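One letter stands for each residue in the lines below.
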Amino acid sequence: MSASCLLSVSIALLLGLSACTVYTPIQPHAPLIRARGEGEISGHVEASLRPEIQAAYSPVSHFLLLASGTWRPGFPIGQEENPYYFRTSQYEVGAGTYWTLGPRWVATATAGFGTAQVQRRLSEFGILLAFSNDYEAKYRKKYGQLGLAYQAEYAAVSFGYRLVQVKFTALTSTDGGTTNMVYQLSLNEQLRHEPYVLVRYSLGSPLAQSRWQFQLGSALSFCIPGRTGNGGNPFDPVAFRAQFNQGNMLLLNAGVVYCLKKRSAPEAAK
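Residues numbered from 1 in each chain as written. Predicted model: local features only at pLDDT ≥ 70, side-chain atom pairs only at ≥ 80, totals over all residues. Heavy atoms only, no water.

Peer 1: Could you give me a rundown of the nonpolar core, with the residues and numbers involved?
Peer 2: Residues Y135 and Y139 are the most contacted members of the largest nonpolar core, which totals 25 residues. Put simply, the parts of the chain that give this core at least two residues each are β3 (64-72), β4 (86-101), β5 (105-125), β6 (130-151) and β7 (155-175). For this core, the leading source of residues is β6, giving five residues. When near neighbours in sequence (up to four residues on either side) are disregarded, Y135 contacts V22, V118, Q119, R120, L122, T172, S173, L185, R241 and F244. Of all hydrophobic cores here, the second largest spans six residues; its members include A30, L198, A219 and M249. (Core = buried A, V, L, I, M, F, W, Y, C linked by side-chain atoms within 4.5 Å. Buried < 20%, exposed > 50% of the residue type's maximum accessible area, 1.4 Å probe, protein only. Helix = DSSP H or I, 4+ residues; strand = E, 2+ residues; numbered from the N terminus. Contact = heavy atoms within 4.5 Å.)

Peer 1: Can you lay out the side chain of E46 for me, pointing to particular residues and giving the numbers?
Peer 2: Mapped onto the elements of the fold, E46 is located in strand β1 (residues 39-46). No salt bridge is formed by the buried E46; its nearest oppositely charged neighbour, R50, is found at 4.5 Å. Within the structure, the side chain of E46 is placed 3.2 Å from the side chain of N253, a separation counted as a polar contact. With sequence-adjacent residues up to four places away left out, E46 is seen in contact with Q27, E52, L251, L252 and N253. (Lys, Arg positive; Asp, Glu negative; His and termini not counted. Salt bridge = Lys/Arg side-chain N within 4 Å of Asp/Glu carboxyl O. Polar contact = N/O pair within 3.5 Å; in protein donor to acceptor, adjacent residues only side chain to side chain.)

Peer 1: Quick one: what's the story with the packing of aromatic side chains, residue by residue and with numbers?
Peer 2: The full count for this structure, using the stated rule, is five aromatic pairs. Judged by centre distance (4.9 Å) and plane angle (55 degrees), the rings of W105 and Y150 are tilted. Here W105 is found in strand β5, whereas its partner Y150 is found in strand β6, with 45 residues between them in sequence. A residue is classified by how much of its surface remains accessible, and Y150, at 30% relative accessible area, is partly exposed. Here Y139 and F168 contribute two aromatic rings whose centre-to-centre distance is 5.4 Å and whose plane-to-plane angle is 65 degrees, an arrangement assigned as edge-to-face. With Y139 in strand β6 and F168 in strand β7, this pair connects stretches of sequence that are 29 residues apart. For F168, a relative accessible area of 6% gives the class buried. Note that R120 overlies the ring of F86, its terminal NZ or CZ placed 4.3 Å from the centroid. Note that R162 overlies the ring of Y143, its terminal NZ or CZ placed 3.8 Å from the centroid. (Phe/Tyr/Trp six-rings, centres within 6.5 Å; stacked < 30°, edge-to-face > 60°. Lys NZ or Arg CZ within 6 Å of the ring centre and 35° of its normal.)

Peer 1: Account for the environment of K138, with residues named and values stated.
Peer 2: By secondary structure assignment, the location of K138 is in strand β6. Given a relative accessible area of 42%, K138 falls into the partly exposed group. For the pair formed by K138 and Q117, sequence separation is 21 residues and the distance between their alpha carbons is 4.6 Å. Not counting residues up to four positions away in its chain, the partners in contact with K138 are A116, Q117, K167, F168, T169 and A170.

Peer 1: How would you sum up a nonpolar patch on the surface? Please name residues and give values.
Peer 2: Judged by side-chain polarity, W99, L101, W105, Y150 and F159 come together as a nonpolar surface patch covering roughly 480 Å² of accessible area. Considering the arrangement of structural elements, one finds L101 in strand β4. (Patch = residues over 30% accessible without salt bridge, like charges linked within 9 Å, V, L, I, M, F, W, Y side chains within 5 Å. Areas by Shrake-Rupley, 256 points an atom, 1.4 Å probe, with all protein chains shown as cover.)

In structure tokens form, the structure reads like this:
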């Protein structure tokens, strides 16, 4: 199956699982590095118009240093009356290892931590219920991630799994109606499961010799148990609002990657 087919299938499967949540993940970082001295800087934009930047470098063989960050200001899109419809700022740093598995495969294992601040409006409309609240959250996170990448001549595909432990330090919900009542929500920890897939295409020469590459990515973040939907108890206003922080989040993004040096060709890894 081609790399483009793999991405299409993954997106199709994930679209049916998407929902909203206060927690806002960063696209899992999966650099394509095979040897000491290789590094890359990537920039991409999420479907929500949220830019992200990621950097990775291998100072010694089999060792990775990683950093990611994202920032989205409160510019309104269809929410002129509410300039804070969605904004966030967050970062991650991490480290890990990578190992070549034959001429074309690379396995990675990484871990790291980060912090985030998020403001967003979550709305849901049903037959008997219309819900709209403004949420604010601050949280810290730790993550562990396993990945596998396949490098062909002009394209590469990476896929894997990330587990994130989220610790909230602040979480509130403000009723968007006439009361403007603020609810202090539980600061319970969450374990987030985040499978991902990334596809890269060389811009010109073969992938191993190309400094510039185009990348498409997708990831799904979910927790267990997830949202109970409108089946939650609407007569308990705190519990009912808290469930909206247990929904799914689908990431879809596109961007470019700049390699700091020409990569090791797959044939050289034999």
